[in-house]
Every structure is written in C-alpha cells, then in structure tokens.
Amino acid sequence: MPPRSSHSRGDYTPPDLMERFTTGRSDIPDDDYHRARAQNHFQPNRWPSDPDFVRTAVAYYAEMERLASDLMRVFARALALPEGYFAPFCDRHISHLVANYYPAQHQSAAAGQFRAGAHTDFGALTLLHPARSPRGLQVQAADGGWEDVVHVPGSFIVNIGDLMARWTNDRWVSTMHRVVPPVSESGETADRMSIAFFLQPNDDAGIDCLPTCTDAEHPPLYESVTSGAHYQMKSNRSWIGKKDLPAASAASESQA
Ligand SMILES: O=C(O)CCC(=O)C(=O)O
Ligand SMILES: [Fe+2]
C-alpha cells in the first residue's frame, strides 16, 4: 500500500504510525445494492482464525450499529426533525469497524509525523473506544489550537463526521482530530489501541442541507453529494503519494 498521508486532507505528510484492521458487515443481503452498486463496501471480511475474535467483532459491530442508530434518532430530535428522519439514509449503511493499532515507539517520529495525522471522519458519526493507552487523542479548537481529549473510562468518544456537518450546514462541526506520538522524554512509549465504528450512510444516500438548517440568512454551504461518492473522495485523498501531488507542492517538498 502507498504511504498513508495525513488522512483525508490531501496534503502530503509522513505516513501515520499506525496499523489498521477493518471489517464491514458480515450479514450481507444478496441483492443488487449489496452485490453490485456498493460491492466495494461489502467484500467478505477476512478474519483471523480465532473464532472468539470473530464472534466478538461481529457482536461489537451489531451493538455499534444499534447505538449509532439510537444516536441518529437523538440527533434528529435535536435538529427539530421527526425522530426517524435519518433512518432511510442509513438502512443499508456502509459502515466500517476498525481496530487502530499504534505500535510502541522506540524512536522519535519524523517531523510532521503523527500516530494519526489531523483529519475529520468521513461519515455521519464515529463511536470511538480508546481501548489501550487512551492518551494522545487531540481535537482542534475553534482558535486552531489543539486540546487533549480526556477519556472518561466506560464512555465512548463521539465524533461528528463530514456528512453530519454537510447535513447541518456546519451548525455541527466535523471535528478535526489527531493522535500525537508518545513523548519519549517521559517514557510514554507504550503501544496504543483504539476501536472505531464509522457510521457511513447508504452508498446512494443523497446528503443535502437539512430543511431545519437553512433559511434566507443561511443558504446551503455544500453541494449535494452521495455518501458513497464522499467516502471515495476522502479515501482517495488518504492514500495520496508524493507522485500524486500537484506540481507546486511537489516542488516545494523537494526543496525541503
Ligand atoms: O485512535 C484514536 O483515538 C483516533 C483514531 C481516529 O481518529 C480514526 O480512526 O479515525
Ligand atoms: Fe478519526
């Protein structure tokens, strides 16, 4: 695989210091949508041989689906919409469950290198569980500064993703976040793990400004996009290599 850049911003950075194991749905209906149109998201999962691992991951995915759908009902109410408003956008969702593994670090990161470079998540919402060594996650505040996310044990961190920002016309912000490398001076070089469920609406769901988030003073800020097209665009940017850089940035890079 090409180096993973500071994922999704489309600017070149040294690769993230992480490994990722991704799974999708495991109960895939046999219809055109799942087998053809959205097939990239419904490839068979490639599991390790441990049956307990598989059982746990499948059960975890199902629980995250349920929690995410509950939250989408809460979101609808908070946005003065009928509780079931988002259901038809998410009933054939293309969500992924990922385990992020950040290996122990025995040498300093390169300049500009992170465990996870600054990015926003692609979908509607993310349910994040910092499973091991929770420190390191930071969110960007409105003034551009970075703040540590303090994990409350037993809770999930919920990120608003790009599609919710588009739906709400930026009333809700798609949070810029990153995971900083451990600071070796203080001996914090331990490995880290997090588990994230990214609720990504149906591949063909059209994401348009919600009726309750626009008026004469707040015209829609974004063009209509499908969830699948937005995902593809962000995913392509995540894997940008130096060769893909526009000429101007490649030139400035080679002077560095
Ligand atoms: O590991 C973390 O705490 C954050 C991971 C993350 O932002 C992501 O997987 O999108
Ligand atoms: Fe993220």
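The rules behind the values
Residues numbered from 1 in each chain as written. Chains lettered and ligands numbered in written order. Predicted model: local features only at pLDDT ≥ 70, side-chain atom pairs only at ≥ 80, totals over all residues. Heavy atoms only, no water. Helix = DSSP H or I, 4+ residues; strand = E, 2+ residues; numbered from the N terminus. Expected span 1.5 Å × (residues − 1). Buried < 20%, exposed > 50% of the residue type's maximum accessible area, 1.4 Å probe, protein only. Arc of directions from axis to C-beta. Contact = heavy atoms within 4.5 Å. Polar contact = N/O pair within 3.5 Å; in protein donor to acceptor, adjacent residues only side chain to side chain. Donors = N, O, S within 2.8 Å, 3.2 Å for Na, K, Ca; no water. Pairing = 2+ DSSP bridges. Axes fitted to C-alpha atoms, helices over the stretch in contact; angles between N-to-C directions.

(A) Looking closely at helix α5 (residues 227-238). Between its terminal C-alpha atoms α5 stretches 17 Å, which fits the 16 Å expected from 12 residues at 1.5 Å a residue. Inspection of α5 places Ser227, Gly228, His230, Tyr231, Lys234, Ser235 and Ser238 among the buried residues, and these make up the whole buried set. End-on, the buried residues of α5 take up no more than an arc of 160°, which puts them together on one face. At its buried positions, α5 is contacted by β2 (96-102), α4 (162-167), β10 (206-207) and β11 (225-226).

(B) Representation of the side chain of glutamine 138. The residue glutamine 138 is located in strand β5 (residues 137-140) in this model. There is a polar contact of 3.1 Å between the side chain of glutamine 138 and the side chain of aspartate 148.

(C) Quick peek at the coordination of the iron ion (ligand 2). Surrounding the iron ion (ligand 2) are the protein donor atoms His119 (NE2), Asp121 (OD) and His177 (NE2), at 2.1 to 2.2 Å. Mapped onto the sequence, the residues coordinating the iron ion (ligand 2) show the spacing H-x1-D-x55-H. Of the two residues, aspartate 121 is situated in the loop between β3 (116-119) and β4 (125-132) and histidine 177 in strand β8 (residues 177-179); the sequence distance between them amounts to 56 residues. Relative accessible area serves as the criterion here: at 5%, histidine 177 is assigned to the buried category.

(D) View of the sheet that holds strand β6 (residues 146-148). The four strands lie next to each other as β3-β8-β5-β6, forming an open sheet whose pairing is antiparallel. With one partner strand each, in any of the chains shown, β3 and β6 form the two edges of the open sheet. Looking at each pair of strands side by side, their axes are set apart by 25° on average, direction ignored. Inspection of the sheet shows β3 paired to β8 by two bridges, in the antiparallel sense. In the sheet register, histidine 119 faces β8, and the bridge partner there is histidine 177.

(E) The environment of serine 26, seen in detail. Assignment of secondary structure puts serine 26 in the loop between β1 (19-23) and α1 (32-37). With 70 residues separating them along the chain, serine 26 and histidine 96 place their C-alpha atoms 11 Å apart. In contact with serine 26, not counting residues within four places along its chain, are Asn45 and Val58.

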